[in-house]
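Close look at the chain arrangement
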Amino acid sequence: MFLKVQLQWNVIIPSESLDAKGLALQKAIVVRLLEDFSTKKATKDHGYFLSVTTLDSIGEGRVRQHTGDVLFPVTFSGLTFKIFRGEILEATVHKILKHGVFLRCGPVENIYLSYQKMTDYRYVPGENPIFMNEKMSKIEKDVAVRLMVIGTKYMEAEREFQAVASLEGDFLGPV
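Residues numbered from 1 in each chain as written. Predicted model: local features only at pLDDT ≥ 70, side-chain atom pairs only at ≥ 80, totals over all residues. Heavy atoms only, no water.

1. Topic: the nonpolar core
- Val101, Leu103, Ile111, Met118, Ile139, Leu147 and Leu167 are the most contacted members of the largest nonpolar core, which has 28 residues in total.
- Listing elements by their share of this core, those giving two or more residues are β6 (88-97), β7 (100-105), β8 (108-114), β12 (144-155) and β13 (160-166).
- Look past the residues within four positions of Ile111 in its chain and what remains in contact with it is Leu89, Ala91, Val101, Phe102, Leu103, Cys105, Leu147, Ala163 and Ala165.
- In this structure, Val5, Leu7, Ile13 and Phe72 belong to the second largest nonpolar core, which totals 15 residues. (Core = buried A, V, L, I, M, F, W, Y, C linked by side-chain atoms within 4.5 Å. Buried < 20%, exposed > 50% of the residue type's maximum accessible area, 1.4 Å probe, protein only. Helix = DSSP H or I, 4+ residues; strand = E, 2+ residues; numbered from the N terminus. Contact = heavy atoms within 4.5 Å.)

Encoded structure:
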């Protein structure tokens, strides 16, 4: 779920941001690193980028030939969120369809739970459709559901993960 990672990135500082004072340069590098970090969103190996926890080192800057910008190799630690097959999650229902429901868990927006993987539940159509079982347990919009991830897929173009889930197992279902 949550992973602590150490990453090495190159941070490019425009020549107009350079200053003789080291503190202003370090601030510019940190600000640029945080900007780059926030736009990256996710990778297949590390999952969703959540935060930078520590700045471990800033390497020696190299001037780029044509632009005059300076490239600094930076090593930092950060926190990421990645879902794995077999993991138990709590997710919130945000869309109900006849053939299943879509849920959200943290930064993961598309977790699909098929009606075939919640065998006790039956679809009840209406203005606000729900899935309900014989014990009157309901899966409806904005309900938290404990589920097991049975598969994940990283979508390179959108830089996000999709997952398929199941309620087949002990203590799984609406919370």
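2. Observations concerning the environment of Glu140
- Note on placement: Glu140 falls in the loop between β11 (138-139) and β12.
- For Glu140, a relative accessible area of 32% corresponds to the partly exposed category.
- Taking C-alpha positions, Glu140 is 39 Å from Ser77, a pair spaced 63 residues apart along the chain.
- Dropping the residues within four chain positions of it, Glu140 is found in contact with Val93, Ile96 and Ile130.

3. Overview of unusual backbone geometry
- Of note in the backbone geometry, Lys41 takes a positive phi value of approximately 70° without being a glycine.
- Within the secondary structure, Lys41 sits in the loop between α1 (22-40) and β2 (42-43).
- Residue classification places Lys41 among the partly exposed positions, given a relative accessible area of 35%.
- Although it is not a glycine, Met136 sits at a positive phi angle of roughly 65°.
- If you trace the backbone, Met136 turns up in the loop between β10 (130-132) and β11.

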